[in-house]
Number of protein chains: 2
Amino acid sequence: MFVATAASAPSRPTSIAATGLLDELVALERIGTRHTFQRNAEIFADGDAATDWFRVVAGTVRTCRLLPDGRRHIAGFHYAGDFFGIEGLPSRVSSAEAVGDVVVMRYPRKAIERLAETNPALARRLREMAFEGLADAQERMFLLGRKTAPERVASFILEVAQRCNRQRKVELPMSRYDIADYLGLTIETVSRTLSAMKKAGAIALPTIHLVELIDRGSLELAAGTA
Amino acid sequence: MFVATAASAPSRPTSIAATGLLDELVALERIGTRHTFQRNAEIFADGDAATDWFRVVAGTVRTCRLLPDGRRHIAGFHYAGDFFGIEGLPSRVSSAEAVGDVVVMRYPRKAIERLAETNPALARRLREMAFEGLADAQERMFLLGRKTAPERVASFILEVAQRCNRQRKVELPMSRYDIADYLGLTIETVSRTLSAMKKAGAIALPTIHLVELIDRGSLELAAGTA
DNA sequence: CGCGTCCTTGAGAGTTGTCAACTCCAGTGG
DNA sequence: CCACTGGAGTTGACAACTCTCAAGGACGCG
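Let me sum up the structure you'll find in this document. Since we're looking at a predicted model, the values are computed, not measured. (Residues numbered from 1 in each chain as written. Chains lettered and ligands numbered in written order. Predicted model: local features only at pLDDT ≥ 70, side-chain atom pairs only at ≥ 80, totals over all residues. Heavy atoms only, no water.)

1. Side note on empty space enclosed by the protein
All names here are of chain A. Taken as a whole, this structure holds two cavities of 30 Å³ or more when the rule is applied. Approximately 40 Å³ is the volume found for the largest cavity. Residue lining of the largest cavity: Ala 50, Glu 87, Leu 89, Ser 91, Arg 92, Val 93 and Ser 94, and that is the complete set. Among the residues forming the lining of the largest cavity, the class breakdown is three nonpolar, two polar and two charged. Here the second largest cavity is characterised by a volume of approximately 30 Å³. (1 Å grid on protein atoms, 1.4 Å probe; cavity = no way out; pocket = protein on both sides within 12 Å on 5 of 7 lines; lining within 4 Å. Points joined across faces, edges and corners; volume = space filled by probe spheres on them. Nonpolar A, V, L, I, M, F, W, Y, C, P; charged D, E, K, R; others polar.)

Below is the structure:
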């Protein structure tokens, strides 16, 4: 099970066997505990001590930040295989919630650190993971700072498609509200933009949570950066 | 020299002696080479092979991304002590430029990786650095996704003040254009917002590149999250 | 079948962007 | 010494994109 989810994770696929990671990953697995959460359940809360790391086994997790007046921003969606809650702060500045029903593994941070001290392969993997996270974050900052609403939505659809290895039918497990808070828009703007893309023939929306890519080229063009 | 700059770097100060990092840092220093760049000179370019990591010794560096139509976003400013160019991608998706005259150290990535394989303390430090970078990036994403122009500018001033350990007089080495591209605004909006803050008595602007914090409380209030 | 939640669509408002003129200042050369 | 020049910054008027507010539709669930 673990190997399967680990293999489905990578944006930059590395052969587990080749890196000699397998033993380390098994060791990691041994210190983890399995937990399930229902839709919208809180996995950890803003202000909690950040004593654990998490990894998604099944389902989708969102990490959120709130402003006192209610404005919300979603720092990220985490899919099967992804680690989350791994920022370097002693306490949480965001909360993590289940988008649908999810299964996660929880690893005590201290135990991971101990493992990493003696397992260079695991240490390298953790490092790579963090650096990949940095690259992703820069991509998102660019989107939030300089892209228009249609560009953001197009980028988002393509991002999910790539993350989940889908060519035509892309599942969006999250609500429009989640998408809006992820892209720095409002639900109305997201909805309108999707409708416009549908009318333009770039996508179809067979159900609320499914996007079908009709004209990928025009989406990539709209996204600004493919 | 190295120890001094390393000591001036941390947002989360860790005693170098206590972590036993000193030897590793010296080893790191040995594989680095020193380089100087003039104002606006390019340190690395979009598309270059990401074979090296960099650290600022003196001055300020900006990392930029460009859209074909000319829109620019500044992914980050890097001050003395900061590492930059450490994302996990094989080639650069951004360029790095000197804001003023700068001195940087360049470290071959492979050599760093080799060092990290055998030095758990260095490996841990690199990991911490990456995780801190992730936390910073989340803060920035929140700013770009959900904060208003005045909130962004106030947050920026406070961020620079904290980064450079200043209480009242904060130096902004970068141009208004740089600030705008960092905050996802236009120079006009940045300029107007600074003028409004000045008129409101929150700050003074003795010179173009200097901000004096008159009423820090109102700035923190305006920033939304202090 | 009714209710609630999520989504869509419309109309109008507001923040921020665009375009343009003006100021300020450093550097240069008459 | 002063005029000229160019870049950076400021300010104003207007436009536009996105948000806000509001109503109406779709769908699932009791």
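2. Here's the deal with the protein's contact with DNA strand C
Neighbouring DNA strand C are 16 residues; Ser 191, Arg 192 and Ser 195 of chain A together with Ala 149 and Thr 189 of chain B lie closest to it. When the atoms of DNA strand C within 4 Å of the protein are grouped by moiety, sugar and phosphate amount to 65% of the total. In this structure, a phosphate oxygen belonging to DNA strand C sits 2.8 Å away from a main-chain N or O atom of Ala 149 of chain B. Taken together, the elements giving at least two residues each to the surface near DNA strand C come down to helix H7 (176–183) and helix H8 (187–199) of chain A together with helix H8 (187–199) of chain B. No other element matches H8 of chain A, which puts four residues into the surface near DNA strand C. (Near = heavy atom within 4 Å. Polar contact = N/O pair within 3.5 Å; in protein donor to acceptor, adjacent residues only side chain to side chain. Helix = DSSP H or I, 4+ residues; strand = E, 2+ residues; numbered from the N terminus.)

3. So, the interface of chain B and chain A
On the chain A side, the residues contacting the 45 residues of chain B number 45 residues. Around 4,300 Å² of area is buried between chain B and chain A when both sides are counted, 61% of it from carbon and sulfur atoms. Linking chain B to chain A there are ten salt bridges. At the junction of chain B and chain A, the tally comes to 22 residue pairs in polar contact (both at pLDDT 80 or more). Elements with a contribution of two residues or more to the side of chain B that touches chain A: strand S4 (61–66), strand S5 (72–78), helix H4 (109–118), helix H5 (120–146) and helix H7 (176–183) of chain B. Looking at the side of chain B that touches chain A, the element that brings in the most residues is H5 of chain B, giving 20 residues. (Contact = heavy atoms within 4.5 Å. Buried area = accessible area lost by both parts, 1.4 Å probe. Salt bridge = Lys/Arg side-chain N within 4 Å of Asp/Glu carboxyl O.)

4. Regarding the relation of the copies chain B and chain A
Mapping between the two chain copies consists of a rotation about an axis together with a translation along that axis. Of the transformation placing chain B onto chain A, the axial shift is 0.0 Å and the rotation is 180°, giving an RMSD of 0.0 Å. Such a turn and shift between the copies fits a two-fold axis. The share of interface residues of chain B whose copies in chain A are also at the interface is 100%, consistent with both copies meeting through the same surface. (Least-squares fit on C-alpha atoms with pLDDT ≥ 70 in both.)

5. Observations concerning the protein's contact with DNA strand D
With respect to spatial proximity, 15 residues lie near DNA strand D, and among them Ala 149 and Thr 189 of chain A together with Ser 191, Arg 192 and Ser 195 of chain B are the closest. At 2.8 Å, a backbone N or O of Ala 149 of chain A approaches a phosphate oxygen of DNA strand D. Within the side chain of Thr 186 of chain A, one N or O atom sits 3.2 Å away from a phosphate oxygen of DNA strand D. Of all the elements in the fold, those that place two or more residues in the surface near DNA strand D are H8 of chain A together with H8 of chain B. Ranked by residue count, the leading element in the surface near DNA strand D is H8 of chain B, at four residues.

6. A short note on the packing of aromatic side chains
All names here are of chain B. Applying the stated rule across the entire model yields 16 aromatic pairs over all chains. Taking 6.3 Å as the distance between ring centres and 55° as the angle between the ring planes, the aromatic pair formed by Phe 77 and Phe 156 counts as tilted. With Phe 77 in strand S5 and Phe 156 in helix H6 (residues 149–163), this residue pair connects regions lying 79 residues apart in the sequence. We note that Phe 77, like Phe 156, is buried. (Phe/Tyr/Trp six-rings, centres within 6.5 Å; stacked < 30°, edge-to-face > 60°. Buried < 20%, exposed > 50% of the residue type's maximum accessible area, 1.4 Å probe, protein only.)

7. Re the environment of Phe 37 of chain B
All names here are of chain B. Tracing the backbone shows Phe 37 in strand S1 (residues 33–37). Distance in space between the C-alpha atoms of Phe 37 and Phe 77 is 16 Å, their sequence separation being 40 residues. If we ignore the near neighbours within four places in the chain, the residues touching Phe 37 are Glu 42, Ile 43, Ala 98, Gly 100, Asp 101, Val 102 and Val 104.

8. With respect to the sheet that holds strand S6 (residues 83–84) of chain B
Residues and elements named next belong to chain B. Taken in spatial order, the four strands of this open sheet run S1-S8-S3-S6, and their pairing is antiparallel. Two strands bound the open sheet, and with one partner strand each, they are S1 and S6. Most of the contacts of H4 go to strand S8 (residues 102–108), to which it runs at about 65°, and overall it touches strand S3 (52–58) and S8. (Pairing = 2+ DSSP bridges. Axes fitted to C-alpha atoms, helices over the stretch in contact; angles between N-to-C directions.)

9. Some thoughts on the environment of Ile 187 of chain B
Residues and elements named next belong to chain B. Examined against the element boundaries, Ile 187 turns out to sit in helix H8. Sequence spacing of Ile 187 and Pro 68 is 119 residues, and the spatial spacing of their C-alpha atoms is 20 Å. Each residue touching Ile 187, except ones within four places of it in the same chain, is listed here: Arg 176, Tyr 177 and Ala 180.

10. A closer look at the nonpolar core
If you look at the biggest cluster of nonpolar residues, it comprises 68 residues, and the most contacted ones within it are Phe 156 of chain A together with Phe 156 of chain B. Not counting residues within four places of it along the chain, the set of residues in contact with Phe 156 of chain A comprises Phe 77, Leu 172, Met 174, Ile 179, Tyr 182 and Leu 183 of chain A. Ranked by size, the runner-up nonpolar core spans 40 residues in total, among them Ala 27 and Ile 112 of chain A together with Leu 25 and Leu 134 of chain B. (Core = buried A, V, L, I, M, F, W, Y, C linked by side-chain atoms within 4.5 Å.)

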